[in-house]
Amino acid sequence: MKYKITRLILLNIAIGHPCLAFAEGQLEVKPQATLQMQLVAEAEQLTDQQKTKAAAQFLGLYFNELDCENVGFIQTGEADDHFAPIFLASDTDSSRSLSRQEIVNNPFAKDKALLDITFSEMDANGDGKASPDELRDYLNAGLKRIDSDNNGDVYPNEVAAARTTGKRLSTEAANAKTKAKQSRLPPWERHAKASHAKQNHGEENQPHEH
């Protein structure tokens, strides 16, 4: 069965598409081609702010999973290392791919419309499902989108700002973030530093022989 769609409806996305056959005053489009074209067109029409809000909401849902070292921010490369558990948790029907419904039905997300945007962006090839690689790529792209100072690390305040405004933090706030990072050490470094300081303090309090 073929769907007949007027030239006006698909004018912006149909011209030059190999799956289209021109008829007099109409376009005949195969159903699968129609689905893919609609998904791609939908993603292209989203505004940048909508995409940023959607990415921030999705990253916020899995912030703790990505920050598995519990240092308070998502570090460079952690999406590559920890996307698999996120995929498995989302793949509720064990089909080894994510459907739009599986993404939108996330019970912890407040804005389902943003989840719908997330899926449209995640489904990069427009085949109606998201692969593990597409999920990983979406996470990395989302982190890059909201990383205000482009240093590869993303903090909760960056996620919150992007979720609320659809924009990155201001340059001033980004600089404050960098300073905060420099003053905050990972737990293992804090422990080592504290132990070293305690050891030095003990040595200073020992009586000196004359």
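Everything numeric in this text was worked out from a predicted model, so none of it was measured.

S.K.: A description of the overall build of the protein chain should follow, citing residues and the corresponding values.
M.R.: Within the protein chain one finds 11 helices and three strands. Secondary structure elements in the protein chain, listed N-terminal to C-terminal, are β-α-β-β-α-α-α-α-α-α-α-α-α-α. Split into buried and exposed, the 210 residues of the protein chain put 36% on the buried side. Pairs at least 24 residues apart make up 58% of the contacts formed inside the protein chain by residues separated by at least 6 positions. Just so you have it, the protein chain exposes about 12900 Å², and 52% of that area is on carbon and sulfur atoms.

S.K.: Go over the layout of surface pockets with me, naming the residues and quoting the values.
M.R.: To find leftover empty space, a probe the size of one water molecule is rolled over the atoms. A volume near 240 Å³ is recorded for the largest pocket. Along the walls of the largest pocket sit 15 residues, with Tyr-62, Ala-89, Ser-90, Asn-106 and Pro-107 positioned nearest its centre. Looking at the lining of the largest pocket, the elements that each hand over two or more residues are α3 (48-61), α5 (78-90) and α6 (100-104). Considering every element that reaches the lining of the largest pocket, the biggest residue donor is α5, with four residues.

S.K.: Describe the side chain of Glu-158, listing the residues and the values that go with them.
M.R.: Counting through the fold element by element, Glu-158 comes out in helix α9 (residues 156-165). Classification of Glu-158 as buried rests on a relative accessible area of 0%. Of the polar contacts made by the side chain of Glu-158, one reaches the side chain of Ser-148; its length is 2.6 Å.

S.K.: Which residues make up the nonpolar core, and what are the values?
M.R.: Counting residues in hydrophobic clusters, the biggest one holds 31 residues, and the most contacted among them are Phe-58, Leu-98, Ile-103, Met-122, Leu-135 and Leu-139. The set of elements that each furnish at least two residues to this core consists of α3, α4 (63-66), α5, α6, α7 (112-122), α8 (132-146) and α9. Those residues within four positions of Ile-103 in sequence are excluded, and the remaining contacts are Phe-58, Leu-98, Leu-115, Thr-118, Phe-119 and Met-122.

S.K.: Give a description of the side chain of Thr-52 that names residues and reports values.
M.R.: The topology assignment puts Thr-52 in helix α3. The class for Thr-52 is buried, based on a relative accessible area of 3%. Discounting residues that sit within four places of it in the chain, Thr-52 has contacts with Arg-145, Ile-146, Ala-162, Gly-166 and Lys-167.

S.K.: Could you give an account of the environment of Arg-145, with specific residues and numbers?
M.R.: By secondary structure assignment, the location of Arg-145 is in helix α8. A sequence separation of 93 residues divides Arg-145 from Thr-52, and the C-alpha atoms of the two residues are 6.8 Å apart. Contacts of Arg-145, omitting those with residues within four sequence positions, involve Asp-48, Lys-51, Thr-52, Ala-55 and Arg-168.

S.K.: Tell me what's going on with the pattern of salt bridges, and back it up with residues and numbers.
M.R.: Oppositely charged side chains may form a pair once their charged atoms are brought near each other. In this structure the tally under the stated criterion is five salt bridges. With a shortest N-O distance of 4.0 Å, Glu-121 and Lys-51 are connected by a salt bridge. With Glu-121 in helix α7 and Lys-51 in helix α3, this pair connects stretches of sequence that are 70 residues apart. In this structure, Asp-137 and Arg-136 form a salt bridge, with 3.4 Å as the shortest nitrogen-oxygen distance. With a relative accessible area of 23%, Arg-136 lands in the partly exposed category. A single salt-bridge network, built from bridges that share partners, covers Asp-133, Arg-136 and Asp-137.

S.K.: Can you lay out α7 for me, pointing to particular residues and giving the numbers?
M.R.: Buried within α7 we find Leu-114, Leu-115, Ile-117, Thr-118, Phe-119, Ser-120 and Met-122. The residue sitting at the N-terminus of α7 and contributing the capping side-chain oxygen is Asp-111; that oxygen lies 3.0 Å from the backbone nitrogen of Ala-113.

The rules behind each value
- In every chain, residue numbers begin from 1 and rise along the written sequence.
- Selection of residues for local features in this predicted model requires a pLDDT of at least 70, selection of side-chain atom pairs for listing and counting requires 80 or more, and totals for whole chains, interfaces and linings are taken over all residues.
- Hydrogens and water molecules were not included; the side-chain quantities draw on all heavy atoms of the structure.
- Numbered from the N terminus, helices here are DSSP runs of H or I no shorter than four residues, and strands are runs of E no shorter than two.
- Each residue gets one of three labels from its accessible area relative to the maximum for its type: buried under 20%, exposed over 50%, partly exposed in between, using a 1.4 Å probe on protein chains only.
- The contact criterion used throughout is that any non-hydrogen atoms of two residues lie within 4.5 Å.
- Per-residue and other accessible areas follow the Shrake-Rupley method at a 1.4 Å probe size, with only the shown protein chains counted as cover for residues.
- In the cavity and pocket records, a cavity denotes points on a 1 Å grid over the protein atoms alone where a 1.4 Å probe fits but cannot get out, a pocket denotes an open set with protein on both sides within 12 Å along at least 5 of 7 lines, and lining residues are residues with an atom within 4 Å of a point.
- Grid points are joined across faces, edges and corners, and a volume is the space filled by probe spheres set on the points.
- Pairing of N or O atoms within 3.5 Å defines a polar contact, subject to two protein rules: one partner must be a possible hydrogen donor and the other a possible acceptor, and residues neighboring in sequence count only if both atoms are side-chain atoms.
- Nonpolar core, defined: a set of buried Ala, Val, Leu, Ile, Met, Phe, Trp, Tyr and Cys residues in which side-chain atoms within 4.5 Å join the residues together.
- Between Lys or Arg on one side and Asp or Glu on the other, a salt bridge is scored when a side-chain nitrogen of the former is within 4 Å of a carboxyl oxygen of the latter.

By themselves these figures say nothing about function.
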